[in-house]
Amino acid sequence: MQLIDTHVHINFDVFQQDLASVRSRWQEAGVVHLVHSCVEPSEFSSIQAIAHQFPELSFAVGLHPLDAHQWNSDTGDKILSLARSDSKVVAMGEMGLDLYKADNYEQQRMVFEAQLAIASELNLPVIIHCRDAAPQVREVLQDWQDNKGKKVRGVMHCWGGTPEEAQWFIDLGFYISFSGTVTFKNAKLIQSSAVMVRSDRLLIETDCPFLAPVPKRGVGRNEPAYVLYVAEQLAKLRGETVETIAAQTTQNACELFGLII
């Protein structure tokens, strides 16, 4: 059984001391590939180094919406340059809108659209962070496709919205990725979304070191091996085998990110 963790942050300090052991555990769990997301350009060198240390790791480049204030005239050029120069870059992001922790909507939208433009130029998928902002993200993506005439493809990462909102993005051609939150007892809307998402639009992730799934919740950091628990929960909710979930989400990840496993 093969699994792909489509969103990790293993360059964070909490992994520095035992990354080799973390890797051994994800290999034992059947994780054959990982996509490393990016929060800000200062991470570029550390993420790139890890990607070239581990053959099974690809990465994305971008600026998180909560760091939108860091955008300047050079940021887009740095993102574009790295994406063009390194074949291990398979996506742009994470980008998007976060209206839960910040209210600088106009600034976030400007940075979001600037990165969509780069992704469109490079024909790369986007990894979208969307928190308390589903209508606004939908509006941006719809406008991008309808009025700017540019096709955007990508994934709504760490899905936390309603089934109705999930359908918005599926209709726009996006994948929906579920993290450890789908295992949380009170995450009823997320679990309902997990049931209704089409099989060919389903992805799994850890978003480690955050959001460790049950049964690891509350006992320390999250890590890529725990994506197995996400797959197991999706199988339970959808009435499928974990092998079916693993095979489908692996196929979907390969199609979206252009991976060869």
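Residues numbered from 1 in each chain as written. Predicted model: local features only at pLDDT ≥ 70, side-chain atom pairs only at ≥ 80, totals over all residues. Heavy atoms only, no water.

Per an unreviewed UniProt entry, the protein is named D-aminoacyl-tRNA deacylase, and its organism is Mojavia pulchra JT2-VF2. Quoted straight from UniProt, the Function (unreviewed entry) entry for the protein says "Catalyzes the hydrolysis of D-tyrosyl-tRNA(Tyr)." Turning to the protein, the UniProt annotation filed under Sequence similarities (unreviewed entry) states: "Belongs to the metallo-dependent hydrolases superfamily. TatD-type hydrolase family. DTD3 subfamily." (UniProt positions renumbered as here; feature names shortened; annotations may be inferred.)

(A) Spotlight on the overall build of the protein. Across its full length, the protein holds nine helices and eight strands. Taken over C-alpha atoms, the radius of gyration comes to 17 Å for the protein, in line with the 18 Å a tight globule of 261 residues would show. Expressed along its principal axes, the backbone C-alpha trace of the protein runs to roughly 45 × 40 × 35 Å. The 261 residues of the protein split such that 59% are buried. (Helix = DSSP H or I, 4+ residues; strand = E, 2+ residues; numbered from the N terminus. Rg over C-alpha atoms; globule rule 2.2 N^0.38 Å. Buried < 20%, exposed > 50% of the residue type's maximum accessible area, 1.4 Å probe, protein only.)

(B) Representation of the pairing of strand β5 (residues 126-131) in the model. Across the six residues that make up β5, a large majority, five, are buried. Bridge analysis of strand β4 (residues 89-98) against β5 gives five bridges, and the strand direction is parallel. Pairing of D98 across the sheet is with R131, part of β5. Inspection of the sheet shows β5 paired to strand β6 (residues 154-156) by three bridges, in the parallel sense. What sits directly across from I128, in β6, is M156. Each parallel crossover has a hand, and for β5 linked through helix α5 (residues 134-146) to β6 it is right-handed. (Pairing = 2+ DSSP bridges. Right-handed = clockwise from strand over helix to strand, strands pointing away.)

(C) Fine view of the sheet that holds β5. Spatially, β1-β2-β3-β4-β5-β6-β7-β8 is the arrangement adopted by the eight strands of the open sheet, whose pairing is parallel. Two strands in the sheet have a free side with no partner beyond their single neighbour: β1 (3-8) and β8 (202-204). Averaged over all adjacent pairs, the angle separating strand axes in this sheet is 30°, with direction ignored. Across the face of the sheet, helix α2 (residues 44-53) comes into contact with β2 (31-36) and β3 (57-61) while running at roughly 160° to β3. (Axes fitted to C-alpha atoms, helices over the stretch in contact; angles between N-to-C directions. Contact = heavy atoms within 4.5 Å.)

(D) Up close: the nonpolar core. Of all hydrophobic cores here, the largest spans 77 residues; its most connected members are I128, V137, L141, F169 and F178. Excluding its chain neighbours within four sequence positions, the residues that come into contact with F169 are A134, V137, R138, L141, M156, W159, F174 and I176. Ranked by size, the runner-up nonpolar core spans 14 residues in total, among them I4, V35, A60 and A253. (Core = buried A, V, L, I, M, F, W, Y, C linked by side-chain atoms within 4.5 Å.)

(E) Region of interest: the packing of aromatic side chains. For the structure shown, the criterion picks out five aromatic pairs. Both rings, one in W168 and one in F169, keep their centres 6.5 Å apart while their planes meet at 65°; by these two values the pair is edge-to-face. No difference in accessibility class separates W168 from F169, as the two residues are buried. Each ring, one from Y226 and one from Y229, has its centre 5.9 Å from the other, and the planes form 50°; the classification is tilted. By relative accessible area, which is 15% here, Y226 ends up buried. (Phe/Tyr/Trp six-rings, centres within 6.5 Å; stacked < 30°, edge-to-face > 60°.)

(F) Spatial organisation of the UniProt feature "binding site: a divalent metal cation 1" (unreviewed entry) in the protein. In this numbering, the UniProt entry assigns the feature "binding site: a divalent metal cation 1" (unreviewed entry) to H7, H9, E94 and D207. Across 201 residues, the annotated set stays spatially compact, with a maximum C-alpha separation of 11.2 Å. The residue H9 is located in the loop between β1 and α1 (19-28) in this model. For H9, the contacting residues outside a window of four places in its chain are F15, H36, S37, V39, E94, D207, C208, P209 and F210. Relative to the helices and strands, E94 resides in strand β4. Taking relative accessible area as the criterion, E94 reaches 3% and is therefore assigned buried.

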